[in-house]
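Examining the three-dimensional arrangement
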2 protein chains.
Amino acid sequence: MDRQNLTLMTDLYELTMMQGYFAHKDRNETVIFDAFYRSNPCDGGYAISAGLEQVIQYIKELHFDDSDIAYLASLGIFRPDFLEYLKTFRFSGDIYAIPEGTVMFPREPIVKVIAPIMEAQLVETAILNIINHQSLIATKAARVCHAAKGDGIMEFGLRRAQGPDAGTYGARAAIIGGCIGTSNVLCGQLFDVPVKGTHAHSWIMSFPDEYTAFKTYADMYPGACILLVDTYDTLKSGVPNAIRVFTEMREAGIPLGFYGIRLDSGDLAYLSKKAREMLDAAGFQDAVISASNDLDEYLIDSLKAQGAAITSWGVGTNLITSKDNPSFGGVYKLAAIRGQDGQFIPKIKLSENSEKVTNPGDKKIYRIYEKESGKIKADLICLADEEYRETDDLELFDPQEPWKKTKMAGGTYRLRPLMEQIFKEGKCCYTSPKVMDIRAYCQRELATLWEESKRLVNPSQVYVDLSHRLYHTKIELLEQMSRG
Amino acid sequence: MDRQNLTLMTDLYELTMMQGYFAHKDRNETVIFDAFYRSNPCDGGYAISAGLEQVIQYIKELHFDDSDIAYLASLGIFRPDFLEYLKTFRFSGDIYAIPEGTVMFPREPIVKVIAPIMEAQLVETAILNIINHQSLIATKAARVCHAAKGDGIMEFGLRRAQGPDAGTYGARAAIIGGCIGTSNVLCGQLFDVPVKGTHAHSWIMSFPDEYTAFKTYADMYPGACILLVDTYDTLKSGVPNAIRVFTEMREAGIPLGFYGIRLDSGDLAYLSKKAREMLDAAGFQDAVISASNDLDEYLIDSLKAQGAAITSWGVGTNLITSKDNPSFGGVYKLAAIRGQDGQFIPKIKLSENSEKVTNPGDKKIYRIYEKESGKIKADLICLADEEYRETDDLELFDPQEPWKKTKMAGGTYRLRPLMEQIFKEGKCCYTSPKVMDIRAYCQRELATLWEESKRLVNPSQVYVDLSHRLYHTKIELLEQMSRG
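For clarity, every value in this text was computed on a predicted model and none was experimentally measured. (Residues numbered from 1 in each chain as written. Chains lettered and ligands numbered in written order. Predicted model: local features only at pLDDT ≥ 70, side-chain atom pairs only at ≥ 80, totals over all residues. Heavy atoms only, no water.)

By a simple turn and slide, chain B fits onto chain A: the slide is 0.0 Å along the axis, the RMSD is 0.0 Å, and the turn is 180 degrees. Seen this way, the second copy is the image of the first under a two-fold rotation axis. Taken as a fraction of all interface residues of chain B, those also at the interface in chain A reach 100%, which identifies the copy contact as same-surface. (Least-squares fit on C-alpha atoms with pLDDT ≥ 70 in both. Contact = heavy atoms within 4.5 Å.)

See the structure below:
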């Protein structure tokens, strides 16, 4: 993806609609689209935003080259004047977004595009693809890391990822969400993140016996020697052979750095406790026991509860595919159209399901922190021209049940605008932080969530409220439409 | 992915193991690895192979460029002589594979790599990533198309795919599995497959009213006019406005080509039947009713059973992510090592779970068809030097329960070797067919399956038997190892 022009990575209907706008509307009509999602992945209490750096790259690169134009012409549905227009097409609008690594909640605009309608329409598919994918994996990683209670989680799902990008950008997102490293070397090269790994069963099998395989490995990598002990028999062969090798290293005066064993099959609770006893008895109290094998946040949580002696975890398939919830339902909806007077006219998308009715207008988000604890009290979506001040008293209400109100006295809370400007009139005005810096920021973000919202099962949901003005704008539009 | 060197898209342990082999083993020791899977996706009765074209591309491009070497050197774990060796590294081995679009079953080698151990080890991760992903989506697509009983299935999941490659190569695989087209324009450009699409809710919302939006669209695309009718109220507004536009086209003498409506929300069974009545009453019996909205094979099957009047289906998230089963469990296991005498010494990987014990040795697969029906009777995995003839009587037995035997008289069955040679001494000796030709081949392949094996729930499993020689080789190795 990195070196590829993704302009044609779009749904055909974006282009047929563009041609329709080109021919039948004011081409410069400016609109606002919001990308947002409706429910947290895995029935969780939050999501982590990710993918913005790749969205920026996509927007910067956006152009139709000659082969793209030739291909579109070959489809027989595009007219010469429209194809001619595409030759010089560039994105000229504004984009606002929630920075990567931020904790976010349903219905909040993650990305807001303000641009001529043809441009805003075209970019829908790629923005959703990138943000949906990376936010999904970052969120899943945060859940897995939460279950591990401070133990390191290694991402190593590349072989089961849904294609090369899913493996590489998925690993990027997993690190943003809290993983300490990935097995994916390409991800390490592209994003300067830690890569880790030792050996597979085939290493063991390619030597005459397990001891020789371990010994050879330890000779080569004495500083990072995690031996895979389950090829033949974990407790009868693997762990004793590992102990033999560690003992020889100790006797030869070779410093044992990061060393230990990896369990990859069987009952991880039982085997880890037995292996711990054996390692401890041999004087290797600081040997690490790492484990892998179809792990996810629920299994790690359960193993922790069972007292498994594992302090390092490798998570593959279930993280890199977010197996129990493999898609993030981000959508991209029209929120406003600029009228002849320059003012935005709010637009709303109806639905029989009231949760699916969109929030109209040009919006922004305030995060409200409880001053005392530093924890998130609620988020407030309001219109872009509304200003709130921390010194004022604040009344919040639940937009689904507006009679439920909460008052906060001025001075007891902190406000933070969540969205940042990313593009201004087609020029990027934002610098993406390094991935490891985003990871550190995400850790600080997660610390602002109450424990009850980080719970894996049935977490408390954080309130996302609407300002009075936004709420009334929405109600008014709904009433207008029901009057027909 | 297409224009990118994916050499570093590998797990770090492949490289640490390579360096180990480099330093401590005969570098030219030739080994055999098999990529295979253990159970069919979605508890189905088969899988469809896909991804080989991208594997070929990957192997052809395999090399470490200067920036790759510099990155690896920066990790501080690779020695100068090994890095020097990588500079001229190329794949020099043989590869055999099951062609794309082929029906396949658990435990069959999909890809067999015969190469010096360092090369065979390196390519593991990328081969699995590519084959696992595309085979998963091709299989899911075949299931969805089976449920649709001949109706066209459109793939349009790009926005919910796990990144750009998942959207693009996933769409490729979906077409191999039977979809008639994709919304993904990049996939159309790269693989010369049909791209389709009309308009979104935002199109309707950007016009003053629904009728004007429909009319404008119909004027532009009279030959492929599917109108999205659920923006405001499907039966009270959408369908009547569509009928008004179709009537005007008919009255103006504009030929109605492929035309109709798309339902994207609500009760699709009820709405499609009502819409059908309304369209028929207006004389539009040939108007197509297409539907979308979180569909999968089970929902389509249920809608068909309910008599829904839908004959064209758009499937997004659940197909492009294979939502209920988002990973294909392909693994890559050492099967043999060439001894000093040039003969391959079979290797076996033990497991407490007997289903997980690998099949050792240099193998190939025969597919056995019943001559009369042309349907698949069983598959037979045997050693590469075994030859079977259709004129001989054939005795098959179940490797899990070897006392269960089936005899087939010579002349009553047909044999077909399933694997083809793809690389010979590092040179590609195979030409990938065009995607639409692979799709046509896949349709013929699916026709060789009994209906009972294509059933969505609890299908009959096709027997994958072992030859007597392979079975005895396996038993002998197991006994050797248990003697220890």
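This part covers the UniProt feature "domain: Nicotinate/nicotinamide phosphoribosyltransferase" (unreviewed entry) in chain A. The feature "domain: Nicotinate/nicotinamide phosphoribosyltransferase" (unreviewed entry), as annotated in UniProt, sits at residues 153-325 of chain A in this numbering. As annotated, residues 153-325 of chain A has a helix share of 47% and a strand share of 14%, and its two end C-alpha atoms lie 19 Å apart. (UniProt positions renumbered as here; feature names shortened; annotations may be inferred. Helix = DSSP H or I, 4+ residues; strand = E, 2+ residues; numbered from the N terminus.)

With that settled, consider helix α10 (residues 210-220) of chain A. All names here are of chain A. Burial analysis of α10 places 8 of its 11 residues in the buried class, the great majority of the element. Turning to α10, its buried residues number three or more, namely Glu210, Tyr211, Ala213, Phe214, Thr216, Tyr217, Ala218 and Met220. For α10, the capping residue at the N-terminal end is aspartate 209, with a side-chain oxygen 3.1 Å from the backbone nitrogen of tyrosine 211. (Buried < 20%, exposed > 50% of the residue type's maximum accessible area, 1.4 Å probe, protein only. Polar contact = N/O pair within 3.5 Å; in protein donor to acceptor, adjacent residues only side chain to side chain.)

All names here are of chain B. Across the sheet, 7 strands lie side by side as β13-β12-β1-β5-β3-β19-β20; this open sheet has antiparallel pairing. Only two strands of the sheet have a single partner each, and these edge strands are β13 (344-346) and β20 (427-428). Here strand β3 (residues 94-97) runs beside strand β19 (residues 420-424); their pairing, made up of 3 bridges, is antiparallel. Opposite tyrosine 96, over in β19, you have glutamine 421 as the bridge partner. In the packing of helix α6 (residues 124-147) onto the sheet, the strands contacted are β1 (30-36), β5 (111-116) and β12 (331-338), and the crossing angle to β12 comes to about 135 degrees. (Pairing = 2+ DSSP bridges. Axes fitted to C-alpha atoms, helices over the stretch in contact; angles between N-to-C directions.)

What follows concerns the pattern of salt bridges. Counted according to the given criterion, the structure contains 53 salt bridges over all chains. When the shortest N-O distance is used, the salt bridge between arginine 159 of chain B and glutamate 14 of chain A registers 3.6 Å. Taken together, the positions of arginine 159 of chain B in the loop between β6 (152-155) and α7 (164-176) and glutamate 14 of chain A in helix α1 (residues 12-24) put the pair across two chains. Summarising the burial analysis for this pair, arginine 159 of chain B and glutamate 14 of chain A share the class buried. Residues joined by salt bridges that share partners form a network here, namely Asp11, Glu14 and Glu124 of chain A together with Arg159 of chain B. (Salt bridge = Lys/Arg side-chain N within 4 Å of Asp/Glu carboxyl O.)

Counting residues in each nonpolar core, the largest one holds 294 residues, and the members touching the most others are Leu72, Phe246 and Ile261 of chain A together with Leu72, Phe246 and Ile261 of chain B. Setting aside its immediate chain neighbours within four residues, leucine 72 of chain B contacts Val185 of chain A together with Leu8, Leu15, Phe64, Phe78, Leu83 and Leu86 of chain B. (Core = buried A, V, L, I, M, F, W, Y, C linked by side-chain atoms within 4.5 Å.)

Residues and elements named next belong to chain A. Two elements in contact, helix α6 (residues 124-147) and helix α13 (residues 297-305), have axes whose closest approach is 8 Å; the angle formed by their N-to-C orientations is 5 degrees. Judged on the interaxial angle alone, α13 and α6 are roughly parallel. The residues of α13 that touch α6, namely those facing Lys140, Arg143, Val144 and Ala147, are Glu297, Tyr298, Ile300, Asp301 and Lys304. (Parallel < 35°, antiparallel > 145°, perpendicular 65-115°, else oblique.)

Bringing unusual backbone geometry into the picture now. Its identity as a non-glycine residue notwithstanding, aspartate 192 of chain A has a phi of 55 degrees, on the positive side. For aspartate 192 of chain A, a relative accessible area of 56% puts it in the exposed group. For glutamate 425 of chain B, which is not a glycine, the phi torsion comes out positive at approximately 45 degrees. On the secondary structure map, glutamate 425 of chain B appears in the loop between β19 and β20. Residue class for glutamate 425 of chain B comes out exposed when judged on its relative accessible area of 62%.

You can read the domains of chain A as domain 1 (12-137 + 326-483) and domain 2 (197-293). Measuring from the centre of the C-alpha atoms in domain 1 of chain A to the corresponding centre in domain 2 of chain A gives 49 Å. (Domains from an automatic or database assignment.)

To continue, consider the sheet that holds strand β9 (residues 258-263) of chain A. Residues and elements named next belong to chain A. One open sheet accounts for 6 strands, arranged β7-β6-β11-β10-β9-β8; its pairing is parallel. Of all the strands in the sheet, just β7 (181-182) and β8 (224-228) have a single pairing partner and so form its edges. As defined by bridge partners, β8 adjoins β9 across 5 bridges and the pair is classed as parallel. The partner of alanine 224 across the bridge, within β9, is phenylalanine 258.

In the UniProt entry, the feature "domain: Nicotinate phosphoribosyltransferase N-terminal" (unreviewed entry) is given for residues 8-132 of chain A. Taken as a whole, residues 8-132 of chain A contains 44% helix and 17% strand, while its terminal C-alpha atoms sit 18 Å from one another.

In this assembly, 95 residues from chain B lie in contact with 95 residues from chain A. Among the residues chain B hides against chain A, the three largest losses belong to Arg159, Gln162 and Met205 of chain B. Together they make up 11% of the total. At the boundary of chain B with chain A, the tally comes to 6 salt bridges. For the pair chain B and chain A, the number of links is 39 residue pairs in polar contact (both at pLDDT 80 or more). Looking at side-chain class alone, the side of chain B that touches chain A contains 44 nonpolar, 33 polar and 18 charged residues. (Buried area = accessible area lost by both parts, 1.4 Å probe. Nonpolar A, V, L, I, M, F, W, Y, C, P; charged D, E, K, R; others polar.)

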